[in-house]
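Structural description and commentary
Below are the chains, spelled out letter by letter.
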Amino acid sequence: MTTVAAALAAARAKLPAGEARLLLGHVLQRPVSWLMAHDDEVLGEAELLGFASLAARRAGGEPVAYLVGRREFFGREFVVSPAVLIPRPETELLVELALASAACGAMVSEGGAGADRNAVKILDLGTGSGCIAVTLALEIPSARVTAADISAAALAVARSNAERLGASLRLCESDWFAALAGECFDLIVANPPYIAAADPHLAAGDLRHEPSSALSSGAEGLDAMRRIIAAAPAHLAPGGQLWLEHGYDQAAAVRQLLATAGLTGIEQHIDLAGIVRVSGGRRY
Ligand code: GLN
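Here's a quick rundown of the structure. (Residues numbered from 1 in each chain as written. Predicted model: local features only at pLDDT ≥ 70, side-chain atom pairs only at ≥ 80, totals over all residues. Heavy atoms only, no water.)

**Thoughts on the overall build of the protein chain**
When helices and strands are tallied, the protein chain shows 10 helices and nine strands. The C-alpha atoms of the protein chain give 21 Å as radius of gyration, which agrees with the globular expectation for 284 residues (19 Å, within 12%). C-alpha extents for the protein chain along the principal axes are approximately 70 × 45 × 35 Å. Here the protein chain holds 284 residues, and the buried ones make up 44% of them. Residue pairs in contact within the protein chain that sit at least 24 positions apart in sequence constitute 64% of those at least 6 positions apart. Approximately 13200 Å² of the protein chain is accessible, and the part contributed by carbon and sulfur atoms is 56%. Between the mean site of the 23 positive side-chain charges and the mean site of the 31 negative ones, the protein chain shows a separation of 3 Å. (Helix = DSSP H or I, 4+ residues; strand = E, 2+ residues; numbered from the N terminus. Rg over C-alpha atoms; globule rule 2.2 N^0.38 Å. Buried < 20%, exposed > 50% of the residue type's maximum accessible area, 1.4 Å probe, protein only. Contact = heavy atoms within 4.5 Å. Areas by Shrake-Rupley, 256 points an atom, 1.4 Å probe, with all protein chains shown as cover. Lys, Arg positive; Asp, Glu negative; His and termini not counted. Charge placed at Lys NZ, Arg CZ, Asp CG, Glu CD.)

Structure representation (structure tokens):
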């Protein structure tokens, strides 16, 4: 007879306690708080086998988020699969800055006619799981949010997150701006791939299991950034704002790209780890 407590204790040889709880909770379809309160519950054969299999996969390097198919972002639970990047806490900074920009934009347009005409138009490029686009759509219910991705598999994940969380999004299969010719937005956000192709981190840890197209982008990790920034002014409404997440060592290069593209009011912000992580500029 193996109890919850005994199964978790046995897993400690291979896994940190928090990860073991998440995996066992997933197998039992119970929240981690339930495990704590029921640690003398006896597990069935199938449950033990399911837990052993997930624990072995985790010990072999698969990310917990893919094993349980979920990751929390900005206080909501998102479905994830190996077709999408796992949402990161640092990306919440990008969302916070976008929310602040949208709030300013809404104040400016409040005096105008009809609510819909004044709805903030937002574009999330390379949406992946949709965590940024869905969060913005839910936090600003009046906004019209477009979520674009080159990957149909990623868009399917974004669609399921939008449906589960009740967000209204327009999904668009697009290589950055390619399918958005002639369209302008008040706010464009992106967490593009930005890791240098030769960065050893790509071959280590959880990153090995994530889509490389969502992580790496050319020798300096700046290829996607260059394309997005160069094309952004043509897709920003006058006064429109662009925000981009980038790598720990890319702040100077990104500032230069934003300035070269003619964007003004360039701002750079640090994440919780003190790293300049998000940069942005406005179309004049
Ligand atoms: N922040 C991620 C990492 O370093 C990279 C995400 C990205 O390339 N957009 O793991």
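Further notes follow.
**Quick notes on the packing of aromatic side chains**
Here the structure, examined in full by the defined rule, presents two aromatic pairs. Judged by centre distance (6.4 Å) and plane angle (40 degrees), the rings of Phe 73 and Phe 74 are tilted. Ring centres 6.2 Å apart and planes at 75 degrees place the aromatic pair Phe 73 and Phe 78 in the edge-to-face group. Classification of Phe 78 as buried rests on a relative accessible area of 0%. An aromatic cluster is built from Phe 73, Phe 74 and Phe 78, whose rings are joined through pairwise contacts. The ring of Phe 185 carries Lys 121 above its face, with NZ or CZ at 5.0 Å from the centroid. (Phe/Tyr/Trp six-rings, centres within 6.5 Å; stacked < 30°, edge-to-face > 60°. Lys NZ or Arg CZ within 6 Å of the ring centre and 35° of its normal.)

**Looking at the site of the ligand**
The immediate surroundings of the ligand are formed by Leu 85, Arg 88, Glu 90, Asn 191, Pro 192, Pro 193, Tyr 194, Ile 195, Leu 207, Ala 214, Leu 215 and Glu 245. One nitrogen or oxygen atom from the side chain of Glu 90 is found 3.3 Å from a nitrogen atom belonging to the ligand. Tyr 194 places a side-chain nitrogen or oxygen 2.8 Å from a nitrogen atom of the ligand. Expressed as a share of its isolated accessible area of 300 Å², the protein-covered part of the ligand is 87%. Of the residues contributing to the shell around the ligand, the split by class is eight nonpolar, one polar and three charged. (Near = heavy atom within 4 Å. Polar contact = N/O pair within 3.5 Å; in protein donor to acceptor, adjacent residues only side chain to side chain. Nonpolar A, V, L, I, M, F, W, Y, C, P; charged D, E, K, R; others polar.)

**A short note on the pairing of strand β2 (residues 76-79)**
Sheet topology places strand β1 (residues 70-73) next to β2; four bridges connect them, and they run antiparallel. Pairing of Arg 70 across the sheet is with Val 79, part of β2. Taken together, β1 and the strand that follows it, β2, pair antiparallel across an intervening segment of two residues, in which Phe 74 is found at a positive phi of about 50 degrees. (Pairing = 2+ DSSP bridges.)

**Description of a negative patch on the surface**
A contiguous patch of negative charge on the surface is contributed by Asp 39, Asp 40, Glu 41 and Glu 47. You can see Asp 39 is positioned in the loop between α3 (32-37) and α4 (45-59). Overall, the relative accessible area of 39% leaves Asp 39 in the partly exposed class. (Patch = residues over 30% accessible without salt bridge, like charges linked within 9 Å, V, L, I, M, F, W, Y side chains within 5 Å. Salt bridge = Lys/Arg side-chain N within 4 Å of Asp/Glu carboxyl O.)

**Here we look at helix α2 (residues 17-28)**
With 12 residues, α2 ought to run about 16 Å at 1.5 Å a step, and its terminal C-alpha atoms sit 16 Å apart, in line with that. Residues of α2 that are buried include every one of Ala 20, Leu 23, Leu 24, Gly 25 and Leu 28, and no others. Tucked inside the fold, the buried residues of α2 contact α1 (4-11), α3, α4 and α5 (64-68). (Expected span 1.5 Å × (residues − 1).)

**Looking at helix α7 (residues 131-139)**
Burial analysis of α7 places seven of its nine residues in the buried class, which makes it a mostly covered element. Along α7, the residues classified as buried are Cys 131, Ile 132, Ala 133, Val 134, Thr 135, Leu 136 and Ala 137.

**Thoughts on unusual backbone geometry**
The backbone of Gln 29 shows a phi angle near 55 degrees, a positive value even though the residue is not glycine. Along the polypeptide, Gln 29 turns up in the loop between α2 and α3. Backbone geometry at Trp 176 places phi at a positive 50 degrees, although glycine is not the residue there. Trp 176 gets classed as buried once you look at its relative accessible area, which sits at 14%.

Read these as layout, nothing more, since geometry by itself doesn't imply function.
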